[in-house]
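Residues per chain, in single letters:
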Amino acid sequence: TVDARPTNASGWGALCGLLGQADACLSLLPATMHAPVAEACIEGGTPLVTASYVSEELLALHERAVAAGVPLLGEMGLDPGLDHMSAAELIRRAREEGGAVTAFSSLCGGLPAPECASSTPLAYKFSWSPAGVISATRNPAQFTVDGAVVRVAGEELLRSATPLADSSRLG
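What the rule picks out here adds up to 4 salt bridges. A salt bridge links Arg-92 to Glu-96; the nearest nitrogen and oxygen atoms lie 2.3 Å apart. Of this pair, Arg-92 and Glu-96 both sit in helix H5 (residues 78-96), 4 residues apart, which is roughly one turn of the helix. In this structure, Arg-159 engages Glu-156 in a salt bridge whose closest nitrogen and oxygen atoms are separated by 3.1 Å. Take Arg-159: its relative accessible area is 62%, and that puts it in the exposed class.

Now the structure itself:
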């Protein structure tokens, strides 16, 4: 059962009191507000799930959370997230059946049908914070190509993008 309760997330006492009554906390606050909520969750022993990428501030709380036995789960949405978890399961099954996976590319999320997004300045439909999407383009990336790990600094991410060879398959 989910019991939504509004509260002032900047009020430490009220926040800790509310979290003390909860089995878990699902925070849909802006990403900049997750660290204080995470601290209150660690203090109260309440697991936290957020809808945001793991920030440096949340990452800095990792050891405290582990020591307290309190899970802090960041964004596990569509991409990366469900698509990678689903792909990992398919790859595992293929290997169990004697198959070999030679490549995996994720082309997921943020690709609306042109007739839906063409009227917007970025030709993009947002289902989440536009500021979050823009700031995510500054995040570093790490992936593997032909067995070699490739790391791209956040400030180089958009410049490193490559065009799709055949976008007609995105259908």
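Relative to strand S5 (residues 148-152), strand S4 (residues 141-145) runs antiparallel, the two being bridged by 5 bridges. Residue pairing across strands places Val-145 opposite Ala-148, the latter belonging to S5. Hairpin geometry of S4 and S5 is characterised by an intervening segment of 2 residues between the two adjacent antiparallel strands and by a positive phi of about 50° at Asp-146.

With respect to the secondary-structure elements, Asp-146 resides in the loop between S4 and S5. Look at Asp-146 and you get exposed, because its relative accessible area is 82%.

Ranked by size, the top nonpolar core spans 12 residues in total: Leu-15, Leu-19, Cys-25, Val-37, Ala-38, Ala-40, Cys-41, Ile-42, Leu-48, Leu-58, Leu-61 and Ala-65. Taken together, the elements giving at least two residues each to this core come down to helix H1 (12-20) and helix H2 (34-44). Looking at this core, the element that brings in the most residues is H2, giving 5 residues. Those residues in contact with Cys-25 that lie beyond four places of it in its chain are Leu-19, Val-37, Cys-41, Thr-46, Pro-47, Leu-48 and Val-49.

Turning our eyes to something else, we now look at the environment of Glu-57. By the secondary structure assignment, Glu-57 is in helix H3 (residues 56-59). The spacing of Glu-57 and Thr-32 is 25 residues in sequence and 8.9 Å in space, taken between C-alpha atoms. Reaching out from Glu-57, the side chain makes a polar contact with the side chain of Ser-55 at a distance of 3.2 Å.

This next bit is on the layout of surface pockets. Where empty space is left becomes clear once a probe the size of a water molecule has been rolled over the atoms. Empty space within the second largest pocket amounts to approximately 690 Å³. Taken together, 21 residues form the lining of the second largest pocket, with Asp-3, Arg-5, Ala-24, Cys-25 and Leu-26 sitting closest to its centre. Going through the elements one at a time, H1 and strand S1 (25-27) are the ones with two or more residues in the lining of the second largest pocket. Residues that form the lining of the second largest pocket fall into these classes: 14 nonpolar, 4 polar and 3 charged.

Sheet architecture is open: 3 strands sit in the order S1-S2-S3, paired in parallel fashion. Each edge of the open sheet is held by one strand with a lone partner, namely S1 and strand S3 (72-73). Looking at chain direction, strand S2 (residues 48-50) and S3 are connected through 2 bridges and run parallel. Bridging from a neighbouring strand, Leu-48 pairs with Leu-72 of S3.

Basis of the calculations
Position numbers for residues count from 1 along each chain, tracking the sequence in the order it is written. For a predicted model such as this one, the threshold for reporting local features is a pLDDT of at least 70, and the threshold for listing and counting side-chain atom pairs is 80 or more; totals across whole chains, interfaces and linings nevertheless cover every residue. Side-chain metrics rest on all non-hydrogen atoms present in the structure, leaving aside hydrogens and water. Throughout this description, the term salt bridge denotes a Lys or Arg side-chain nitrogen within 4 Å of a carboxyl oxygen of Asp or Glu. We count a stretch as a helix when DSSP gives it H or I for four or more residues in a row; a strand needs E for two or more, and each element gets its number in order from the N terminus. Note on exposure labels: buried denotes an accessible area under 20% of the residue type's maximum, exposed denotes more than 50%, and partly exposed covers the range between, all computed with a 1.4 Å probe on protein chains only. Pairing between two strands is assigned when DSSP locates at least 2 bridges connecting them. We call a set of buried Ala, Val, Leu, Ile, Met, Phe, Trp, Tyr and Cys residues a nonpolar core when their side-chain atoms join them within 4.5 Å. Whether two residues are in contact is decided by their heavy atoms: any pair within 4.5 Å suffices. For this analysis, a polar contact is any N or O atom pair within 3.5 Å, provided that within protein one partner can donate a hydrogen and the other can accept it, and provided that sequence-adjacent residues contribute only side-chain to side-chain pairs. Here a cavity is any set of points on a 1 Å grid over the protein atoms alone where a 1.4 Å probe fits but cannot get out, and a pocket is any open set with protein on both sides within 12 Å along at least 5 of 7 lines; a residue lines the site when it has an atom within 4 Å of a point. Grid points are joined across faces, edges and corners, and a volume is the space filled by probe spheres set on the points. In this count, Pro and Cys sit with the nonpolar residues alongside Ala, Val, Leu, Ile, Met, Phe, Trp and Tyr, while Asp, Glu, Lys and Arg are called charged and the others, Gly among them, polar.

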